[in-house]
Amino acid sequence: MSASASATEAVAFDARTTGQTRIIGLLDRRPEPRSKQPDMRAWSALAVLDDRPGAITGNEHKDRWTDWLRWSNLLQFLQPAGPDELPRSFHQVAVSTSGQVDPHTVALLTSALPTEAGAPQPLPQAWTEAIEWASSQVEDVLLALVEEARHGRIDVPEVGFEYGDQAMQAELAWPDRKVAVFIDLDERRDALFARDGWYVASAGAVNVTELIKKLEGN
């Protein structure tokens, strides 16, 4: 394990579990605005799995995977206990999806200490669950909609929505707005949705600005 610190303002550690899963901790100890004292609660933890092609071929990958799940189950409970607490967050990360981590949830990276008005408004639970259960192929889409969701301008989508007698499935859907996002290509299905007045988008080619307008009823 290695550690580094800059005065008392920030501490980082980078450790390996017995199964060689990487655990990263970032502790923000800058003065809390009201007490003017460092606060040990302003920190973030990341469990990182190396899933690059060269890393998943050996037997060691099973041990890393097992530890990744075990530590994630433990660290997932590290969340703020109240709106007046400093940010705390956990991120379950694979190398292949590391670019999808929202830096706004990592206190040390954003200077996101609360003001007298309190900590930043957390994401509604329904949206947190949607991001958790949806395919990783639409995660970028959901994260792009987060700020609109925080302000209550758009509703949470249904994940794994089934439509019609044939139970045609959309990965994300807003039935009231007739908006659907798919993760696969099926021209016949898309045509049937469009025929019934739906706005149809593919996860790999979503125009987020246009999607937001549709969800806001514009």
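Placed above this text is the structure.
This report concerns the structure included in the present document. All values derive from a computational prediction rather than experimental measurement.

1. With respect to helix α6 (residues 187-195)
Argument step 1. When we look at burial in α6, the residues that qualify are Arg 189, Leu 192 and Phe 193. One side of α6 carries all its buried residues, which in axial view fall inside an arc of 100 degrees. More than 90 degrees from the buried face of α6, the exposed residues found are Glu 187, Arg 188 and Arg 195.
Argument step 2. Each element contacted by the buried residues of α6 is listed here: β6 (158-163), β7 (168-174), β8 (179-182) and β9 (199-202).
Argument step 3. Where α6 starts, the residue carrying a side-chain oxygen 3.2 Å from the main-chain nitrogen of Arg 188 turns out to be Asp 186.
Argument step 4. Following α6 by one or two positions, Gly 197 has its phi on the positive side, about 90 degrees.

2. Thoughts on the nonpolar core
Argument step 1. Ranked by size, the top nonpolar core spans 21 residues in total, and within it Leu 145, Val 181 and Leu 211 carry the most contacts.
Argument step 2. Of all the elements in the fold, those that place two or more residues in this core are α3 (125-133), α4 (139-144), α5 (146-150), β7, β8, β9 and α7 (208-215).
Argument step 3. If one sorts the elements of this core by residue count, α7 sits on top with three residues.
Argument step 4. If sequence neighbours within four positions are ignored, Val 181 has contacts with Val 138, Ala 170, Glu 171, Leu 172, Trp 174, Ala 201, Ser 202, Ala 203 and Val 206.
Argument step 5. Residues Met 168, Ala 170, Phe 182 and Trp 198 belong to the second largest nonpolar core, which totals ten residues.

3. Regarding the sheet that holds β8
Argument step 1. Across the sheet, four strands lie side by side as β6-β7-β8-β9; this open sheet has mixed pairing. The sheet is open, and its two borders are formed by β6 and β9, each paired with just one other strand. When strand polarity is set aside, the average angle formed by the axes of neighbouring strands in this sheet is 40 degrees.
Argument step 2. As judged from the four bridges shared by β8 and β9, these two strands associate in the parallel manner. Residue pairing across strands places Ala 180 opposite Val 200, the latter belonging to β9.

4. A closer look at the environment of Ala 203
Argument step 1. Checked against the element boundaries, Ala 203 lands in the loop between β9 and α7.
Argument step 2. As for Ala 203 and Val 138, which are separated by 65 residues in sequence, their C-alpha atoms are 5.6 Å apart.
Argument step 3. Every residue in contact with Ala 203, bar those within four places of it in the chain, is listed here: Gln 137, Val 138, Val 141, Val 181, Phe 182 and Ile 183.

5. A short note on the environment of Trp 71
Argument step 1. Within the element layout of this structure, Trp 71 appears in helix α1 (residues 60-75).
Argument step 2. For Trp 71, a relative accessible area of 33% gives the class partly exposed.
Argument step 3. As for Trp 71 and Thr 21, which are separated by 50 residues in sequence, their C-alpha atoms are 8.9 Å apart.

6. Details of the environment of Thr 66
Argument step 1. Counting through the fold element by element, Thr 66 comes out in helix α1.
Argument step 2. Thr 66 sits 45 residues away from Thr 21 along the chain, and the two C-alpha atoms are 8.7 Å apart.

7. Focus: the packing of aromatic side chains
Argument step 1. The tally for this structure, following the rule as stated, stands at seven aromatic pairs.
Argument step 2. With 4.8 Å between their ring centres and 40 degrees between their planes, Tyr 163 and Phe 193 make a pair best called tilted. Here the residue Tyr 163 occupies a position in strand β6, and Phe 193 occupies one in helix α6, the gap between them amounting to 30 residues.
Argument step 3. Judged by relative accessible area, which is 0%, Phe 193 ranks as buried.
Argument step 4. Taking NZ or CZ as reference, Arg 189 lies 3.8 Å from the ring centre of Phe 182, over its face.

8. Some thoughts on α3
Argument step 1. Looking only at α3, the buried set comprises Trp 127, Ala 130 and Ile 131. Looking straight down α3, one finds that the buried residues subtend no more than 95 degrees of arc, so they occupy a single side. Those residues of α3 that are exposed and angled more than 90 degrees off the buried face are Gln 125, Glu 132 and Trp 133.

9. Points about the pattern of salt bridges
Argument step 1. Scanning all chains against the criterion turns up six salt bridges.
Argument step 2. Here Arg 16 makes a salt bridge to Asp 14, at a shortest N to O gap of 2.8 Å.
Argument step 3. When salt bridges that share partners are traced, they join Asp 14, Arg 16 and Arg 22 into one network.

What counts and how
Along each chain, residue indices are assigned from 1 in the same order as the chain's sequence is written. Only residues with pLDDT of at least 70 are given local features in this predicted model, and only at 80 or more are side-chain atom pairs given and counted; all residues enter the totals for whole chains, interfaces and linings. The basis for every side-chain value is the complete set of heavy atoms in the structure, and neither hydrogens nor water enter the calculation. The classification of residues rests on relative accessible area computed with a 1.4 Å probe and restricted to protein chains. Under 20% of the type maximum is buried, over 50% is exposed, and intermediate values are partly exposed. Helix and strand definitions here come from DSSP, where helices need a minimum of 4 consecutive H or I residues and strands a minimum of 2 consecutive E residues; each element is numbered from the N-terminal end. Regarding the arc, it is the one traced by the directions from the helix axis to the C-beta atoms. We call two residues in contact when some of their heavy atoms are within 4.5 Å. In protein, a polar contact means a hydrogen-donor-capable atom and an acceptor-capable atom, both N or O and within 3.5 Å, with residues adjacent in sequence counting only if both atoms are side-chain atoms; elsewhere, any N or O pair within 3.5 Å suffices. To form a nonpolar core, buried Ala, Val, Leu, Ile, Met, Phe, Trp, Tyr and Cys residues must be joined to one another through side-chain atoms within 4.5 Å. Strand pairing is defined by DSSP finding a minimum of two bridges between the two strands. Only the contacting stretch of a helix is used when fitting its axis, a line to C-alpha atoms as for every element, and angles between N-to-C directions run 0 to 180 degrees. Aromatic pairs are defined between Phe, Tyr and Trp rings, using the six-membered ring for Trp, whenever the two ring centres lie within 6.5 Å; interplanar angles under 30 degrees are classed as stacked, those over 60 as edge-to-face, and all others as tilted. Working rule: Lys NZ or Arg CZ, within 6 Å of ring centre, within 35 degrees of ring normal, means a charge sits over the ring. Salt-bridge detection follows one rule: a side-chain nitrogen of Lys or Arg within 4 Å of a carboxyl oxygen of Asp or Glu.

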